[in-house]
Amino acid sequence: MLIDRTASALPAIAFPAPSLTQSDTVVLDPSTKSEDIERTSESASVLPLDPFHLREGLQSEKQLQELRDRQNGKKLHNYYARQNNLIVSLLKSMEEHTNEARHEEDAARLPVKIAVWASLIANLTLCVLQMYAAISALSLSLLATGIDSVFDIGSNVLLLWLHRKAESLDSKKWPVGGARLETIGNIIYGFLMSSVNLVVIVESVRDLITHTNGSVKDFHLPSILAVASALFVKFVLFLYCFSLRKNSSQVHVLWEDHRNDLWINSFGILMSTGGSKLRWFLDPMGAIIIALGVIMAWGRTIYGQFELLAGKSAPHGVLQLLTYKSLTFSEEIERIDTVRAYHSGPDFFVEVDIVMDPKTPLWKAHDISEHLQGKIEALPNIERAFVHVDYETSHQPEHRRSVLIS
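Residues numbered from 1 in each chain as written. Predicted model: local features only at pLDDT ≥ 70, side-chain atom pairs only at ≥ 80, totals over all residues. Heavy atoms only, no water.

As recorded in an unreviewed UniProt entry, the protein goes by the name CDF-like metal transporter, listed as coming from Lentinula detonsa. Among the UniProt annotations of the protein, the heading Subcellular location (unreviewed entry) holds the following wording: "Membrane". (UniProt positions renumbered as here; feature names shortened; annotations may be inferred.)

Asker: When you look at the overall build of the protein in this model, what are you seeing that I'm missing?
Answerer: Assigned secondary structure in the protein consists of 10 helices and four strands. Per-residue burial over the protein gives 43% buried out of 406 residues. For the protein, the accessible area works out to roughly 22200 Å², and carbon and sulfur atoms hold 61% of it. (Helix = DSSP H or I, 4+ residues; strand = E, 2+ residues; numbered from the N terminus. Buried < 20%, exposed > 50% of the residue type's maximum accessible area, 1.4 Å probe, protein only. Areas by Shrake-Rupley, 256 points an atom, 1.4 Å probe, with all protein chains shown as cover.)

Asker: Explain unusual backbone geometry here, please?
Answerer: Leaving glycine out, the prevailing phi sign among residues is negative, and the prevailing peptide bond configuration is trans. Positive phi, normally seen in glycine, also occurs at His53, with a value near 55°. Within the secondary structure, His53 sits in the loop between β1 (3-4) and α1 (61-69). When its relative accessible area of 15% is taken as the criterion, His53 is described as buried. Here Asn381, not a glycine, exhibits a phi torsion of approximately 70°, which is positive. Along the chain, the position of Asn381 falls in the loop between α10 (362-377) and β4 (382-390).

Asker: Whenever I open this one, the packing of α1 against helix α2 (residues 74-91) confuses me. Can you help?
Answerer: Two quantities define a packed helix pair, namely the angle between the helix axes and the distance between the axes. The geometry of α1 relative to α2 is characterised by a closest axis approach of 7 Å and an angle of 155° between their N-to-C directions. The angle between the axes of α1 and α2 places the two elements in the roughly antiparallel class. Note that α1 runs across α2; the crossing there is right-handed. Touching Leu64, Leu67 and Arg68 of α1 are Lys74, Leu76, His77, Asn78, Tyr80, Ala81 and Asn84, all from α2. (Axes fitted to C-alpha atoms, helices over the stretch in contact; angles between N-to-C directions. Parallel < 35°, antiparallel > 145°, perpendicular 65-115°, else oblique. Left-handed = near helix turned anticlockwise from the far one by under 90°. Contact = heavy atoms within 4.5 Å.)

Asker: Please explain α2 as it appears in this structure.
Answerer: Residues spaced three or four apart along an α-helix face the same direction, because each turn holds 3.6 residues. With 18 residues, α2 extends 26 Å between its outermost C-alpha atoms, agreeing within 8% with the 26 Å of an ideal straight helix rising 1.5 Å per residue. For α2, the complete set of buried residues consists of His77, Gln83, Asn84, Leu86, Ile87, Leu90 and Leu91. At its buried positions, α2 is contacted by α1 and α9 (316-327). (Expected span 1.5 Å × (residues − 1).)

Asker: What exactly am I supposed to notice about the nonpolar core here?
Answerer: Across soluble globular proteins, you tend to see nonpolar side chains buried next to one another. Residues Leu54, Leu322, Ile333, Val350, Ile354, Leu372 and Ile376 are the most contacted members of the largest nonpolar core, which totals 31 residues. Of all the elements in the fold, those that place two or more residues in this core are α2, α9, β2 (333-343), β3 (348-356), α10 and β4. Apart from the residues lying within four places of it in its own chain, the contact partners of Leu372 are Met94, Ser326, Phe329, Ile333, Ile354 and Val387. (Core = buried A, V, L, I, M, F, W, Y, C linked by side-chain atoms within 4.5 Å.)

Asker: Can you help me understand the UniProt feature "transmembrane region" (unreviewed entry) in the protein in this one?
Answerer: According to UniProt, the positions carrying the feature "transmembrane region" (unreviewed entry) are residues 114-135, 141-162, 183-202, 222-242 and 280-299. End-to-end, the C-alpha atoms of residues 222-242 are 30 Å apart, and along that stretch the chain is 100% helix and 0% strand.

Asker: Any chance you could explain the packing of aromatic side chains here in plain terms?
Answerer: Under the definition given, this model contains seven aromatic pairs. Ring centres of Tyr342 and Phe349 lie 6.3 Å apart, and the angle between their planes is 45°; this geometry places the pair in the tilted category. Exposure remark for Tyr342: the relative accessible area of 23% places this residue in the partly exposed category. One aromatic cluster is present, built from ring pairs that chain together Phe238, Phe242 and Trp255. Positioned above the aromatic ring of Trp255, the side-chain terminus of Arg259 is 5.2 Å from the ring centre. (Phe/Tyr/Trp six-rings, centres within 6.5 Å; stacked < 30°, edge-to-face > 60°. Lys NZ or Arg CZ within 6 Å of the ring centre and 35° of its normal.)

Asker: Would you explain the pattern of salt bridges in this entry?
Answerer: Pairing between side chains of opposite charge can happen when the charged atoms of each approach one another. Under the criterion given, the structure shown has four salt bridges. Between Glu332 and Lys364 there is a salt bridge, with its nearest N and O atoms 3.6 Å apart. A residue pair is termed long-range when its members are at least 10 positions apart, and Glu332 in the loop between α9 and β2 and Lys364 in helix α10 qualify at 32 residues. We note a salt bridge from Glu351 to Arg340, for which the minimum N-O separation is 3.0 Å. With Glu351 in strand β3 and Arg340 in strand β2, the pair connects residues that are 11 residues apart, well separated along the chain. (Salt bridge = Lys/Arg side-chain N within 4 Å of Asp/Glu carboxyl O.)

Asker: Where do I start with a nonpolar patch on the surface in this structure?
Answerer: Side chains of Ile184, Ile188, Leu192 and Leu309 sit close together on the surface and give an oily, nonpolar patch of about 330 Å² of accessible area. Tracing the sequence through the fold places Ile188 in helix α5 (residues 179-210). Exposure remark for Ile188: the relative accessible area of 47% places this residue in the partly exposed category. (Patch = residues over 30% accessible without salt bridge, like charges linked within 9 Å, V, L, I, M, F, W, Y side chains within 5 Å.)

Asker: Would you take a moment to explain the environment of Leu282 for this structure?
Answerer: Looking at the element boundaries, Leu282 is found in helix α8 (residues 282-310). Residues Leu282 and Leu208, spaced 74 residues apart in sequence, show a C-alpha to C-alpha distance of 9.7 Å. Excluding its chain neighbours within four sequence positions, the residues that come into contact with Leu282 are Ser141, Met271, Gly274 and Gly275.

Asker: Looking at this structure, I do not really get the packing of α5 against α8. What am I missing?
Answerer: Two elements in contact, α5 and α8, have axes separated by 8 Å at closest approach and are oriented at 160°. When the axes of α5 and α8 are compared, the pair comes out roughly antiparallel. Two packed elements cross with a definite hand, and for α5 against α8 that hand is left-handed. Among the residues making up the contact of α5 with α8, the classes are represented as 23 nonpolar, seven polar and two charged. (Nonpolar A, V, L, I, M, F, W, Y, C, P; charged D, E, K, R; others polar.)

Given below as structure tokens:
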């Protein structure tokens, strides 16, 4: 990827970007403060807030409504609404992005703590109730829900311990920090959860094969009521964690867990009651279906966590933001050679290759690139940034192994 300073940094936006010249001017919004204009160092020039005239592509609410009122205009409306959001995001200073993320984190700190501890206390109580229900009713379907509740406690304790461990790691022994610990913990927990549910499947299949008495099992109302109460509590926790799932990876995992428990407990009640009132085989069949569902859900979670550890690329919007902000950071930056952003755990590592004039003094190139690196690392969800400075673009991409041709 090579983006010149005189070309649009956002090919996905469907309007032309005029060339940037020294005579370009910009009309500031009334709310724009002078300190929002980014400077690289005392030697760097002040840049226009909108050097590519992106603001001209914004659609008003009236225009968006007109698009929506057209026949089959919903997709067009959604496209331009997303484009509006992208332009607004690009035109914000990096300080605004950082401050907004910090404000959201501070505002969510107490609710996140409540979500973690409420889930832990609730799961501890519900574990006792659901194991009582499974044992007293001798139901395999309720046993599957009970085992899930036991591992819910393990999940809460593991996530809480890993979160605290990640914050207290020795930086000399673990120089990149402990951000990946929670990801690794989720993978380990997912494998344990899948293994236990395989045991439930084996026991249920054995019951289907060896069962000789065709009569239904006794219906045990207290067991059903116990699981129903667990279902209600899980629904309340699901609603509470839903609004916080994007503020914390811990809460996101808990939200997924509560979501899975909703259908697990509902289906467990249905199949256990069916095994007592209709046909005996509905109970072990329900246990098999629940266990398979849990394995599939956690398999999807494990795959997603593996992607984070393997270095999956950042979303396209993140790359667009990094590209635009790097290109417009200083007038000394003539081109952007490469922008990479990829997961290293839940957050991103960023690599930016910028191009400056060969005659740029070393001290200026160093100050600008170091300042840009600091600004990028202050953005939300960025763990580390690396800025490489070059004077031409005809070389092979950095950090790529050369291919020897015999």
